[in-house]
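# A structural walkthrough
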Amino acid sequence: MKIDVAAISLDVQNFRHVEVTTERDAIRYLLTDERTHKVSELAQDIVTQGGLDPSSLLIVTEDESRSGQYIALEGNRRITAIKTLMTPDLATGAPGHPLFKALHQSFLTLNLTAVECVV
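## Let's talk about the nonpolar core
One finds Ile-8, Ile-46, Leu-85 and Val-115 to be the most contacted residues of the largest nonpolar core, which totals 32 residues. Mapped by element, the contributors of at least two residues to this core are strand S2 (8-10), helix H1 (23-32), helix H3 (39-49), strand S3 (58-62), strand S4 (70-74), helix H4 (76-86), helix H5 (97-110) and strand S5 (114-118). By residue number, the principal contributor to this core is H3, which donates five residues. Among all residues touching Ile-8, those that are not within four sequence positions of it are Ile-3, Glu-23, Val-60, Tyr-70, Ala-72, Ile-79, Lys-83, Val-115 and Cys-117.

Structure (structure tokens):
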């Protein structure tokens, strides 16, 4: 099922980061520890390959507290990369910020606003 990226939130309790209270904090955490999470590298691959790897779908669950919204159970790094490619200022202060700014226009030409997911 194709889901608009704006309707997918990161899992604030994801095992890849300490428990946080907001999606913005989860994004900041994943972007700050580039050696571990390699979100910039993933973003570069998304732009170079022209999208996500179609053999590896995101897994999401419906957000019971918000109608029409989803939480990423598998794919938090990919959603972080896409959201940051859409809005490079999300990476302000992170090591990859210059790369996200440089990739922004190329990413926009991909028109990647929805992603294939398993619900």
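## What to know about the pattern of salt bridges
A complete count under the given rule lists four salt bridges for this structure. Asp-25 is the salt-bridge partner of Arg-28, the closest N and O atoms lying 3.1 Å from each other. Of this pair, Arg-28 and Asp-25 are both found in helix H1, three residues apart, which corresponds to roughly one turn of the helix. Arg-28 sits in the partly exposed class, given a relative accessible area of 40%.

## Quick word on the pairing of S3
Where a strand is regular, its side chains alternate between the two sheet faces. Sheet analysis places S3 next to S5, joined by two bridges and oriented parallel. The residue of S5 that forms the bridge with Ile-59 is Val-118.

## Notes on the pairing of S5
Judged by which residues are buried, S5 turns out to be one-sided: Val-115 and Cys-117 face inward and are buried, whereas Ala-114, Glu-116 and Val-118, on the alternate face, are not. The sheet contact formed by strand S1 (residues 2-4) and S5 spans three bridges and is antiparallel. Following the sheet pairing, Lys-2 is matched in S5 by Glu-116.

Procedures and definitions
Residues numbered from 1 in each chain as written. Predicted model: local features only at pLDDT ≥ 70, side-chain atom pairs only at ≥ 80, totals over all residues. Heavy atoms only, no water. Core = buried A, V, L, I, M, F, W, Y, C linked by side-chain atoms within 4.5 Å. Buried < 20%, exposed > 50% of the residue type's maximum accessible area, 1.4 Å probe, protein only. Helix = DSSP H or I, 4+ residues; strand = E, 2+ residues; numbered from the N terminus. Contact = heavy atoms within 4.5 Å. Salt bridge = Lys/Arg side-chain N within 4 Å of Asp/Glu carboxyl O. Pairing = 2+ DSSP bridges.

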